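# Structure assessment
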Amino acid sequence: LEFRRVLFRSPDWETIKDDVMRLAVLTKFSKNEYCKEKLLSTGDQYLIEDTSEDYYWGCGTMGSGRNKLGLILMEVRLVIKLGCEDSYMDSLFKS
């Protein structure tokens, strides 16, 4: 029996991937109290997705990556602090 990994990628993935991640992060951290408290406990610290393998979502080798996940985590942290999760969610996928 052979296992084949089939990946589906929406044709507009490059356009929507940041908002997909925003939605996933907001959902996780607004619905799970433990995760929410952990995120809020970081205060105003700059957050870094520390991976040398991913130059888009993470910091990449020697910090040369885009750190998009870290930036989205900080964005969602602020949204939760301000209590504007609904309006933030409504703004996703509008562009």
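Residues numbered from 1 in each chain as written. Predicted model: local features only at pLDDT ≥ 70, side-chain atom pairs only at ≥ 80, totals over all residues. Heavy atoms only, no water.

## Describing the packing of helix α2 (residues 33-40) against helix α3 (residues 68-82)
Rules: Lines fitted to C-alpha atoms define the axes, with helix axes restricted to the stretch in contact, and inter-axis angles between N-to-C directions lie between 0 and 180 degrees. Numbering of helices and strands starts at the N terminus; helices are DSSP runs of H or I of at least 4 residues and strands are runs of E of at least 2. Working definition: roughly parallel below 35 degrees, roughly antiparallel above 145 degrees, roughly perpendicular at 65 to 115 degrees, and oblique for all remaining angles. Note on contacts: a residue pair is in contact if any heavy atoms of the two residues lie within 4.5 Å. Residues were grouped as follows: Ala, Val, Leu, Ile, Met, Phe, Trp, Tyr, Cys and Pro as nonpolar; Asp, Glu, Lys and Arg as charged; and all remaining residues, including Gly, as polar.
Contact geometry for α2 and α3: axes closest at 10 Å, N-to-C directions at 105°. Judged by the angle between their axes, α2 and α3 are roughly perpendicular. Of the residues in α3, those in contact with K36, L39 and L40 of α2 are L73, V76, R77, I80 and K81. Taken together, the residues of the contact of α2 with α3 sort by class into 5 nonpolar, no polar and 3 charged.

## A look at α3
To keep it simple, the criterion reads: By this rule, a helix spans an expected 1.5 Å times one less than how many residues it contains. Here's how the labels work: a residue is buried when its accessible area is under 20% of the maximum for its type, exposed when over 50%, partly exposed in between, all with a 1.4 Å probe on protein chains only.
Here α3 is 15 residues long and its end C-alpha atoms lie 21 Å apart, about the 21 Å a rise of 1.5 Å per residue gives. Turning to α3, its buried residues number three or more, namely K68, L69, G70, I72, L73, M74, V76, R77, V79 and I80. In the segment just after α3, G83 is the residue with positive phi, at about 70°.

## So, the pattern of salt bridges
Put simply, the test is: A side-chain nitrogen of Lys or Arg and a carboxyl oxygen of Asp or Glu constitute a salt bridge if their distance falls within 4 Å.
Applying the stated rule across the entire model yields 6 salt bridges. Among the salt bridges present, the one from K36 reaches E33, with a minimum N-O distance of 3.4 Å. Here the residue K36 and the residue E33 both occupy positions in helix α2, the gap between them amounting to 3 residues, near one helical turn. On the basis of relative accessibility, which here comes to 47%, the residue E33 falls in the partly exposed class.

## Re α2
For the record, the criterion: Picture the helix axis, draw a direction to every C-beta atom, and the arc is the one those directions span. Between N or O atoms, a polar contact is any pair within 3.5 Å; within protein, one atom must be a potential hydrogen donor and the other a potential acceptor, and residues adjacent in sequence are included only when both atoms are from side chains.
Listed in full, the buried residues belonging to α2 are C35, K36 and L39. All buried residues of α2 fall inside an arc of 100° around its axis, so they share one side. Between the side-chain oxygen at the start of α2 and the backbone nitrogen of Y34 there is a gap of 3.0 Å, and the oxygen is on N32.

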